[in-house]
Amino acid sequence: MKKNKITEQTTEQKTEKMESDFQKVANRVSSVSIVQNVFLSIFKLIAGIVAHSNAMISDAIHSASDVFSTIVVIIGVKLSARDSDKEHPYGHERMECVAAIILAIVLFITGLGIGIQAFTDIVQGNYETLAMPGILALIAAIVSIVTKESMYWYTRHYAKQIDSSALMADAWHHRSDAFSSIGALVGIAGARMGFPIMDSIASLVIFVFIAKAAYDIFMDAMNKMVDRSGDEQTEKEIHNIVASHEEVLRIDLLQSRVFGNKIYVDLEIGLNGTYTLEKAHDIAEDIHEDIERDLPKVKHVMIHVNPVKVM
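Once a new chain begins, its residue numbering starts again from 1 and follows that chain's sequence as written. Given that this is a predicted model, residues contribute local features only at a pLDDT of at least 70 and side-chain atom pairs are listed and counted only at 80 or more, while totals for whole chains, interfaces and linings are drawn from all residues. Only hydrogens and water are set aside when side-chain values are computed; all heavy atoms of the structure are taken into account.

Quick notes on the overall build of the protein chain
Put simply, the test is: Elements are defined by DSSP. Helices are runs of H or I of four residues or more, strands are runs of E of two residues or more, and each kind is numbered from the N terminus. Burial classification: accessible surface area is computed with a 1.4 Å probe over protein chains only, and a residue below 20% of its type maximum counts as buried, one above 50% as exposed, and the rest as partly exposed. Throughout, a residue-residue contact means that at least one pair of heavy atoms, one from each residue, lies within 4.5 Å. In these tables, accessible area is a Shrake-Rupley quantity obtained with a 1.4 Å probe, and a residue counts as shielded only by the protein chains included in the view.
Secondary structure summary: the protein chain contains eight helices and three strands in total. Ordering the α and β elements of the protein chain from the N terminus gives α-α-α-α-α-α-α-β-β-α-β. Out of the 311 residues belonging to the protein chain, those deemed buried represent 45%. At a minimum sequence separation of 6, the contacts of the protein chain that also span at least 24 residues come to 75%. Counting every atom, the protein chain has about 16300 Å² of accessible surface; 64% of that belongs to carbon and sulfur.

Written out as structure tokens, the structure reads:
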């Protein structure tokens, strides 16, 4: 019994540390994102006004929308890290998925706005009324592309490290802004060369990329919202851990379900029917601890023991 109490304390401490690290990393990345977006939005807005570039002004507004999306990420991560309570005994991990879904919708609406404006400009064809953009707008577009692509890889790295759907959605929001800046660059360069329609054509292509990113984020979050089984590799690793215990004569059931960015596991194992209840419990507890220790994504394991007649 003393060993089991120590095991429970160790598991709880490990879980608390993981949740704390998860929130710290997410908050740090989000803070960097907010500061970067604020300065970049101001720079692009000034460049768009000074250089008479509507495309750059629109791009500045797009960057400003990233500040809102990052705030949503912070809120989602904070809510998902809350401890389990009476009303939510399995925790709040799915709140992060809700944040990712909100970001996917914002991302799609942003892209749709770009697409509609581009389509309208092509249909109307009033290109002669457009002012010639200045060189500062081109410089701002290049700075934006480099900065936002760097932020995409930075955020993506930590999103994969802590397995955060909301942070990954924010990473794709950075890349959508980079796409938007590419469109602005092409449009501004085209306008300076006498082909203003290039701005609108590039914007339509950007809309397709943004819509695809929004769809992928939305589907990933929805898959984590429903009781989808864990990935095949994780289940294989669980199976190997259970099978490594020589007392286990068979594995009758192995089921897993994704809950936010965590996995719950249900197991049924066959043990020698002559074992005492205490011995069977200790074996199950050892397996439980091994799985949660070796697989950080697994939040909890429920093990049922079936007696096996040994001839």
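What about the nonpolar core?
Definition in use: The criterion is simple. A nonpolar core is a set of buried Ala, Val, Leu, Ile, Met, Phe, Trp, Tyr and Cys residues joined through side-chain atoms within 4.5 Å.
Formed by 27 residues in total, the largest nonpolar core has its most connected members in Leu107, Ile162, Leu167 and Ile217. It is helix α3 (residues 94-124) that provides the largest number of residues to this core, a total of eight residues. Grouped together as the second largest cluster of nonpolar side chains are 19 residues, Ile238, Val248, Val265 and Ile303 included.

Observations regarding a nonpolar patch on the surface
Going by this rule: Patch criteria: residues need more than 30% relative accessible area and no salt bridge. Like-charged residues are merged within 9 Å; nonpolar side chains of Val, Leu, Ile, Met, Phe, Trp and Tyr are merged within 5 Å. Any carboxyl oxygen of Asp or Glu that lies within 4 Å of a side-chain nitrogen of Lys or Arg is treated as forming a salt bridge with it.
Judged by side-chain polarity, Ile182, Val186, Met193, Phe195, Ile197, Met198, Ile201, Val205 and Phe209 come together as a nonpolar surface patch covering roughly 770 Å² of accessible area. Elements supplying a minimum of two residues to the nonpolar patch: α5 (165-192) and α6 (197-225). Broken down by element, the nonpolar patch gets its largest block of residues, five residues, from α6. Examined against the element boundaries, Phe209 turns out to sit in helix α6. Look at Phe209 and you get partly exposed, because its relative accessible area is 46%.

Things to note about the sheet that holds strand β2 (residues 262-272)
Within a sheet, neighbouring strands are paired by backbone hydrogen bonds and run either parallel or antiparallel to one another. Heads up, the rule is: Pairing between strands is defined by DSSP: at least two bridges between them are needed. Fitting a line to C-alpha atoms yields each axis, with helices limited to the stretch in contact; the angle taken between N-to-C directions then spans 0 to 180 degrees.
Strand order in the open sheet formed by three strands is β1-β2-β3, and the pairing between neighbours is mixed. Looking at the sheet topology across the chains shown, the edges are occupied by β1 (250-259) and β3 (298-308). Here the strands of the sheet are splayed against their neighbours by 15° on average, with no regard to which way each runs. In terms of strand pairing, β2 meets β3 through ten bridges, oriented parallel. Paired with Asp266 across the strands is Met302, a residue of β3. On top of the sheet, helix α7 (residues 232-243) reaches β1, β2 and β3; it is set at about 145° to β1, its chief contact. Relative to β3, helix α8 (residues 277-294) is tilted by about 150°, and along the sheet it contacts β2 and β3.

A short note on α8
Keep this limit in mind: Expected span of a helix, by definition, is 1.5 Å for each gap between consecutive residues, and there is one gap fewer than residues.
Helix length check: α8 (18 residues) gives 26 Å between terminal C-alpha atoms against 26 Å at 1.5 Å per residue, within 8%. Turning to α8, its buried residues are Ala280, Ile283, Ala284, Glu285, Ile287, His288, Glu289, Asp290, Ile291 and Glu292.

Digging into the packing of aromatic side chains
Heads up, the condition is: Planes of paired rings set the category: under 30 degrees apart is stacked, over 60 is edge-to-face and the rest tilted, where pairs are Phe, Tyr or Trp rings (Trp by its six-membered ring) whose centres lie within 6.5 Å. A positively charged side chain is recorded as over a ring if its NZ (Lys) or CZ (Arg) lies within 6 Å of the ring centre. The angle to the ring normal must also be within 35 degrees.
In total, this model carries three aromatic pairs according to the counting rule given. With 5.1 Å between their ring centres and 75° between their planes, Tyr152 and Trp153 make a pair best called edge-to-face. Following the ring pairs from residue to residue traces out a cluster consisting of Tyr152, Trp153 and Trp172. A cation sits over an aromatic face here: Arg28 above Tyr158, 5.3 Å from the ring centre. In this arrangement the basic side chain of Arg175 is found over the ring face of Tyr152, its NZ or CZ atom lying 3.8 Å from the centre.

With respect to α7
We count it as follows: This arc is built from the directions going out from the helix axis to the C-beta atoms.
Its twelve residues place the ends of α7 16 Å apart at the C-alpha level, agreeing with the 16 Å of an ideal helix rising 1.5 Å per residue. Looking at α7, one finds that the buried residues are Thr234, Ile238, Ile241 and Val242. Looking straight down α7, one finds its buried side chains confined to an arc of 100°; they lie on one side. Set apart from the buried face of α7 by more than 90 degrees, the exposed residues are Glu232 and Lys236.

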